[in-house]
Amino acid sequence: MATDTRVILICSGKGGVGKTTLTANLGISLARQGLSTAVLDADFGLRNLDLLLGLENRIVYTAQEVLEEECRLDQALVKHKQESNLSLLPAGNPRMLDWLKPDDMKRIVEMLKEQFDYVLIDCPAGVEDGFKNAMAASQEAIIVTNPEVSAVRDADRVIGLLNTNAIKPVQLVLNRVRPKMMASQEMLSIDDVTDILALPLLGLVLEDEQVIVSTNRGEPLTLNSVNSPAAKCYLNIAKRLLGEDIPLIDPVEESSGFGAKFRRLMQTKIF
Amino acid sequence: MESISKRIVLNMDNNNSSNWELYLKNELKKMNSNNIEIDCKDLNLSCIDIMSIIKISSKFNCTISGFFSTSPKTIISTQSLGYPSQFIFNPYSKKSVNKSDIISDQSKAHFHQGTVRSGEYIDSPGDLLILGDVNPGAIVSAEGNVIIWGKLLGIAHAGKKGNSKAKIAALHLRPVQLRIATKVARGPQEKPQIGLAEQARIFSEKIVISPLETM
Ligand SMILES: Nc1ncnc2c1ncn2[C@@H]1O[C@H](COP(=O)(O)OP(=O)(O)O)[C@@H](O)[C@H]1O
Ligand SMILES: [Mg+2]
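The rules behind each value
- Residues numbered from 1 in each chain as written.
- Chains lettered and ligands numbered in written order.
- Predicted model: local features only at pLDDT ≥ 70, side-chain atom pairs only at ≥ 80, totals over all residues.
- Heavy atoms only, no water.
- Helix = DSSP H or I, 4+ residues; strand = E, 2+ residues; numbered from the N terminus.
- Buried < 20%, exposed > 50% of the residue type's maximum accessible area, 1.4 Å probe, protein only.
- Contact = heavy atoms within 4.5 Å.
- Buried area = accessible area lost by both parts, 1.4 Å probe.
- Salt bridge = Lys/Arg side-chain N within 4 Å of Asp/Glu carboxyl O.
- Polar contact = N/O pair within 3.5 Å; in protein donor to acceptor, adjacent residues only side chain to side chain.
- Nonpolar A, V, L, I, M, F, W, Y, C, P; charged D, E, K, R; others polar.
- Phe/Tyr/Trp six-rings, centres within 6.5 Å; stacked < 30°, edge-to-face > 60°.
- Lys NZ or Arg CZ within 6 Å of the ring centre and 35° of its normal.
- 1 Å grid on protein atoms, 1.4 Å probe; cavity = no way out; pocket = protein on both sides within 12 Å on 5 of 7 lines; lining within 4 Å.
- Points joined across faces, edges and corners; volume = space filled by probe spheres on them.
- Domains from an automatic or database assignment.

## Things to note about the environment of Arg-179 of chain B
All names here are of chain B.
Part 1: Inspection of the secondary structure puts Arg-179 in strand S12 (residues 177–180).
Part 2: A relative accessible area of 30% places Arg-179 in the partly exposed class.
Part 3: With 28 residues separating them in the primary sequence, Arg-179 and Ile-207 have C-alpha atoms 8.1 Å apart.
Part 4: Leave out the neighbours within four places in its chain, and Arg-179 touches Ile-155, Ala-156, His-157, Ala-158, Ile-168, Val-184 and Ile-207.

## Looking at helix H6 (residues 129–136) of chain A
Part 1: Of all the residues in H6 of chain A, the buried ones are Gly-130, Phe-131, Asn-133, Ala-134 and Met-135 of chain A.
Part 2: Buried residues in H6 of chain A make contact with strand S1 (6–11), helix H5 (102–113), strand S5 (118–122) and helix H7 (149–164) of chain A.

## A short note on unusual backbone geometry
Part 1: Cis peptide bonds are those with omega within 30 degrees of zero, and the linkage from Lys-168 of chain A to Pro-169 of chain A qualifies with 0 degrees.
Part 2: In this structure, Arg-176 of chain A takes a positive phi of about 65 degrees despite not being glycine.
Part 3: Along the chain, the position of Arg-176 of chain A falls in strand S7 (residues 170–177).
Part 4: Judged by its relative accessible area of 35%, Arg-176 of chain A is partly exposed.
Part 5: A positive phi is found at Glu-205 of chain B, a non-glycine position, where the angle reads about 70 degrees.
Part 6: Here Glu-205 of chain B is to be found in the loop between strand S14 (198–203) and strand S15 (206–211).

## Description of the interface of chain B and chain A
Part 1: With 11 residues of chain B in contact, the opposing surface of chain A contributes 11 residues.
Part 2: Of the roughly 840 Å² buried between chain B and chain A on both sides combined, carbon and sulfur atoms contribute 42%.
Part 3: Counting the surface chain B buries against chain A, the share from its top three residues, Arg-117, Ser-118 and Pro-136 of chain B, is 57%.
Part 4: Where chain B packs against chain A, one counts 2 salt bridges.
Part 5: Notably, a salt bridge pairs Lys-151 of chain B with Asp-195 of chain A, separated by 3.5 Å at the nearest N-O pair.
Part 6: Summed over the shared surface of chain B and chain A, the result is 5 residue pairs in polar contact (both at pLDDT 80 or more).
Part 7: Here the residues of the side of chain B that touches chain A sort into 2 nonpolar, 5 polar and 4 charged.

## Quick word on the packing of aromatic side chains
Residue and element names in this part refer to chain B.
Part 1: Applying the stated rule across the entire model yields 1 aromatic pair over all chains.
Part 2: Aromatic side chains Phe-67 and Tyr-83 sit 5.4 Å apart centroid to centroid with 85 degrees between the ring planes, which places their arrangement in the edge-to-face category. Placement of Phe-67 in strand S3 (residues 63–69) and of Tyr-83 in the loop between helix H3 (72–80) and strand S4 (85–87) is noted, with a sequence separation of 16 residues between them. Like Tyr-83, Phe-67 is buried.
Part 3: Stacked on the ring of Phe-68, the Lys or Arg Arg-7 has its end atom at 3.8 Å from the ring centre.

## Here's the deal with the layout of surface pockets
Residues and elements named next belong to chain A.
Part 1: Taken as a whole, the second largest pocket encloses approximately 550 Å³ of empty space.
Part 2: Lining the second largest pocket are 28 residues, with Gly-16, Val-17, Gly-18, Lys-19 and Thr-21 sitting closest to its centre.
Part 3: Going through the elements one at a time, helix H1 (19–32), S7, strand S8 (201–206) and helix H10 (209–217) are the ones with two or more residues in the lining of the second largest pocket.
Part 4: Class assignment of the residues belonging to the lining of the second largest pocket gives a composition of 13 nonpolar, 10 polar and 5 charged.

## Regarding the pattern of salt bridges
Part 1: In total, this model carries 19 salt bridges over all chains according to the counting rule given.
Part 2: Across the salt bridge formed by Arg-7 of chain B and Glu-37 of chain B, the nearest N and O atoms sit 3.1 Å from each other. With Arg-7 of chain B in strand S1 (residues 6–9) and Glu-37 of chain B in strand S2 (residues 35–39), this residue pair connects regions lying 30 residues apart in the sequence.
Part 3: Judged by relative accessible area, which is 17%, Glu-37 of chain B ranks as buried.
Part 4: Through salt bridges with shared partners, a single network forms among Glu-69, Asp-104 and Arg-107 of chain A.

## Overview of the domain arrangement of chain B
Residues and elements named next belong to chain B.
Part 1: One can read the domain layout of chain B as domain 1 (2–87) and domain 2 (106–214).
Part 2: Spacing between the C-alpha centres of domain 1 and domain 2 amounts to 27 Å.
Part 3: With 12 residues of domain 1 at the contact, the number on the domain 2 side is 12 residues.
Part 4: Both sides of the domain 1 and domain 2 interface together cover about 1,000 Å² of buried area, and 79% of this is carbon and sulfur.
Part 5: When the buried surface of domain 1 facing domain 2 is broken down by residue, Ile-76, Ser-80 and Phe-87 rank first, second and third, together holding 48% of it.
Part 6: At the surface where domain 1 touches domain 2, the tally comes to 0 salt bridges.
Part 7: When residues of the side of domain 1 that touches domain 2 are traced back to their parent elements, those giving at least two are helix H2 (47–59), H3 and S4.
Part 8: With 5 residues, H3 is the largest single contributor of residues to the side of domain 1 that touches domain 2.
Part 9: For the side of domain 1 that touches domain 2, the class distribution of residues is 7 nonpolar, 5 polar and no charged.

Following this line, the structure appears as structure tokens:
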């Protein structure tokens, strides 16, 4: 039985910025490090964590049946095929949203805490009930955002709500970074984003076509394509989350002589 | 060289607060360190005043490592000149109630520390003092002045019950929109000069922005 379980909310405000992808990859990476990890799909409206993990066809019960006491927790948990340290608790029917309360989420998470070291909660977009339910059950949070004005604005809103609910620490992951666009100032820079959000940066994730390929295959990058640029980013984020001191590098500086330097960047472990 | 900094306290009493330059010189004469910090107490000092403190100190071969003050105006001045500055919150300082030209009614003044984020709203029945940034999407308003020791990137409304003498001051003034009393203005398009605190106030029926030291 785990004692000091970390319950981490993965949220963003805006949709489509990469929460579910981060949850899946972080889940795999933590499990790889030998930590028993549960990923909880709290996006009941648009569940797709199961898809990304390639576990859709193995789901029998969901969080809904657990809450309604129609099954035990371990019956609903879906163990990952390759990574046995990782389990998914699937989201129930979207109609659950009609009755689900913050206390229900707390109950589910309390059960998960009894057997896992890490609980990652894939949060729905928005700041309404779905978000509030998921937040109620969390201790700390990772904000995912993109280097875009609207995503940063929404992230800022969510950070304010997390602060008032005493969720901490709140750390930042900047996803879909394109060093070339940052260098040419077509994209918000890392400083632009961290200046506004005033949060510690847990890591950057590069824009990477492999993410899309892996999503369609139901195999997170960190599972089988560990050498792809984004996979390295996810792995480093997992390590930093575990307290390892892995320095961040500035992608713009690294890409300022494009070509050779950029390839070096893609190969570096530091990202 | 000795690097531990010694602190000079500009402890002026009510009668001779205009004599702080003389007082500073006397203190500097007695100094046996080249590295000093200055506690300006409740003196209200402009950027120009701070620059003359720096000049005087350098004549005595002293470098200033930082400033302290209970006056927001002084802190904004020192901060905008790039010095490490610490604001000491002192709501009971009688002197600043009487003398301060920037905090008009400190009894009702509101004090907020930390970033004001998108969707957040802070309001004060007197002046509003914010130590932190006001982000895009945030709104801050006050019946008196709005003073921001940080960046103003959202919306600020000073004198919202109609006081057209109210001012908005910030270290970095680049709001979406400014409102003073019943006047509304869009924020300036061009970036302000780095290191120059600015203020907005009504001047001949229009909101104008100028460097803070003319306050
Ligand atoms: N680093 C990345 N590079 C390329 N595409 C990405 C990256 N991160 C996410 N995506 C794509 O963005 C889309 C949204 O990602 P998803 O994780 O579902 O976002 P959310 O859960 O926040 O709605 C998906 O199509 C995903 O493949
Ligand atoms: Mg999602």
